[in-house]
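Below are the chains, spelled out letter by letter.
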Amino acid sequence: MIFQAVDFIQIIANIVAAILNFLNPIVSPMGEFMVNWMEVVLRFFPQPQDGLIVYVSIAIVIVILGLIINITWPGNKRPGFLKKVDEVEDKVEEKIEETETSVKKKVKKAKKKAKDLEKKADELEELEVETDTLEEELEELEEDIKDIEEDLEETIDEE
Amino acid sequence: MGRFSNIVKGIIFMCVYIGTTMVIPFLTFTWVKEVQILGVAIVLTQHDYEKIIFWISAFGLLISTTAFFNYSSPKQSIRKGTFAMIQIILNCLYIWSYKFSGATEIRFEIVFEIANIGFISINVQNMVMLYMGVYFLTIILKGYDFFDFLLNRKTIREKRYKKMVGGNDSS
């Protein structure tokens, strides 16, 4: 079991070594560049004989600055330019609502008018039907009158 | 997020960084200072032990405090980008300070009873170089983030404060 584990570790080590060998020519020059500038920069940092006072004071300053800045500006207030955009958007929305309501009112009025017109059209149709029946009755009456006149003429002629 | 949650987040991350960059390395180096393997006293002749502890404490402090500033800042803000970059640079210096204090060439001196048998020296400088190369790429990535936050500030803020359907802020 232990020997098998050693084999397994060896395989992993080989894989890691292969990856590192592959990356080495690409990444190592970058690392060298980093090391060069860091060696220069570290010369300007306070050395062990100077003590930790400088680092501690820098740390305290950063924490206090972080507290003040992130409490004062937590990043949840809307910026000024977006407020103006909001105002414009609100105005546009108001106008849209106004136009919508006016259009709705006009549509209602138009619907009412249409209904009235439909009613009138129905009444007119009924009247037409009535006039037709009356005309028919008139025609019948005229025929009757003609018949009566003819009868009268005949009776007069006989006498 | 509100100011309280931002600060709490910053404090949590600061504690994590204090643990990983100061407490654990300190305990490890203190343990490595005198270690025994298979009954043979292998004394780590770490002359620069105090130096290592100094650099660990110094950069650990700076990294932890910048982590506090970084994680308590709002998402995609310029200050977050700035401090994330500073943090990465400090991380590089922190890693490199291990070499600076002699930790990249660890020398184990084998002492058996009175006789000094010899020493084992492990040179991990090549690995540190590789690690630094990866860090270089990380710095480039953070730099890109920083310029992205800087150039697309308006659109980021518009997205952050985008109104929801009900008219509430999404932030």
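Residues numbered from 1 in each chain as written. Chains lettered and ligands numbered in written order. Predicted model: local features only at pLDDT ≥ 70, side-chain atom pairs only at ≥ 80, totals over all residues. Heavy atoms only, no water.

Concerning the overall build of chain B
Worth spelling out the cut-off: Runs of E in the DSSP output that reach at least two residues are strands. Runs of H or I that reach at least four are helices, and both are numbered from the N terminus. Relative accessibility under 20% of the residue-type maximum defines a buried residue, over 50% an exposed one, and the middle range a partly exposed one, all with a 1.4 Å probe and only protein chains included. When checking whether two residues touch, look at their non-hydrogen atoms; a contact exists if any pair is within 4.5 Å. Note on areas: Shrake-Rupley, 1.4 Å probe, and residue coverage restricted to the protein chains presented here.
Along the backbone of chain B there are 5 helices and 4 strands. Reading the secondary structure of chain B in the N-to-C direction produces α-β-β-α-α-β-β-α-α. Across the 171 residues of chain B, 42% fall into the buried class. Sequence-distant contacts in chain B: of pairs separated by 6 or more residues, those separated by 24 or more amount to 62%. When the accessible surface of chain B is totalled, it reaches about 9,600 Å², and 66% of it is carbon and sulfur.

Notes on the overall build of chain A
For chain A, the count of helices and strands is 3 helices and 0 strands. Secondary structure elements in chain A, listed N-terminal to C-terminal, are α-α-α. Within chain A, the fraction of its 159 residues that count as buried is 14%. As presented, chain A carries roughly 13,700 Å² of accessible surface, and 63% of it is formed by carbon and sulfur atoms.

Topic: unusual backbone geometry
Of note, the phi angle at Q76(B) is positive, near 60 degrees, even though the residue is not glycine. Along the chain, the position of Q76(B) falls in the loop between α2 (49-72) and α3 (78-100).

A look at the interface of chain A and chain B
Where interface size is quoted, it is often the accessible area lost as the parts come together. Put simply, the rule reads: Two parts lose some accessible area (1.4 Å probe) when they are put together, and adding that loss for both gives the buried area. The term salt bridge refers to a side-chain nitrogen of Lys or Arg lying within 4 Å of a carboxyl oxygen of Asp or Glu. Throughout this description, a polar contact denotes any pair of N or O atoms lying within 3.5 Å of each other; where both atoms belong to protein, one of them has to be capable of donating a hydrogen while the other can accept it, and for residues adjacent in sequence the pair is counted only when both atoms sit in side chains. When residue character is reported, Ala, Val, Leu, Ile, Met, Phe, Trp, Tyr, Cys and Pro are called nonpolar, Asp, Glu, Lys and Arg charged, and the others, Gly included, polar.
Of the residues lining the interface, 45 residues belong to chain A; the matching set on chain B comes to 46 residues. The junction of chain A with chain B conceals about 4,100 Å² of combined surface from both sides, 77% of it contributed by carbon and sulfur atoms. The tally of links from chain A across to chain B stands at 0 salt bridges. Our count for the contact surface shared by chain A and chain B stands at 5 residue pairs in polar contact (both at pLDDT 80 or more). At the level of secondary structure, the elements contributing two or more residues to the side of chain A that touches chain B comprise α1 (2-43), α2 (53-72) and α3 (80-158) of chain A. With 16 residues, the single largest contributor to the side of chain A that touches chain B is α1(A). Tallied by class, the residues present in the side of chain A that touches chain B amount to 30 nonpolar, 9 polar and 6 charged.

Let's talk about the nonpolar core
To keep it simple, the criterion reads: Throughout, nonpolar core names a set of buried Ala, Val, Leu, Ile, Met, Phe, Trp, Tyr and Cys residues whose side chains join them through atoms within 4.5 Å.
Grouped together as the largest cluster of nonpolar side chains are 31 residues, with contacts concentrated most on F59(B) and M132(B). A per-element tally of this core places α2(B) first, with 11 residues. With sequence-adjacent residues up to four places away left out, F59(B) is seen in contact with L42(A), F45(A), L90(B), L93(B), Y94(B) and S97(B).

Quick look at α2(A)
Residues and elements named next belong to chain A. Inclusion rule: An expected span of 1.5 Å times one less than the residue number is assigned to each helix. Comment: arc refers to directions from the helix axis out to C-beta atoms.
Its 20 residues give α2 an end-to-end C-alpha distance of 28 Å, which sits within 8% of 28 Å, the value for a rise of 1.5 Å per residue. Restricting attention to buried positions, one finds in α2 the residues Y55, A59, I62, V63, G66 and N70. Seen along its axis, α2 keeps its buried residues to an arc of 95 degrees; they face one direction.

Section: the side chain of T66(B)
Of note, T66(B) is situated in helix α2. Here the side chain of T66(B) touches L62(B) through a polar contact of 2.8 Å, landing on its backbone oxygen. With near-sequence residues (within four places) excluded, T66(B) lies in contact with I62(A), F83(B), I86(B), Q87(B) and L90(B).

Quick look at a positive patch on the surface
In plain terms, the rule: Within the patch definition used here, like charges are joined within 9 Å and nonpolar side chains (Val, Leu, Ile, Met, Phe, Trp, Tyr) within 5 Å, considering only residues with over 30% relative accessible area and no salt bridge. We treat Lys and Arg as the positive residues and Asp and Glu as the negative residues; His and chain ends play no part in the count. Lys charges are placed at NZ, Arg charges at CZ, Asp charges at CG and Glu charges at CD.
A contiguous patch of positive charge on the surface is contributed by K104(A), K108(A), K111(A), K112(A), K115(A) and K119(A). Along the polypeptide, K112(A) turns up in helix α3.

Notes on the confidence of the model for chain A
Stated formally: The predictor rates its confidence in each residue with pLDDT, a number between 0 and 100.
Predicted confidence across chain A gives a mean pLDDT of 87, with 96% of residues reaching 70 or more. Per-element confidence in chain A is highest for α2(A), whose mean pLDDT is 93, and lowest for α1(A), whose mean pLDDT is 79.

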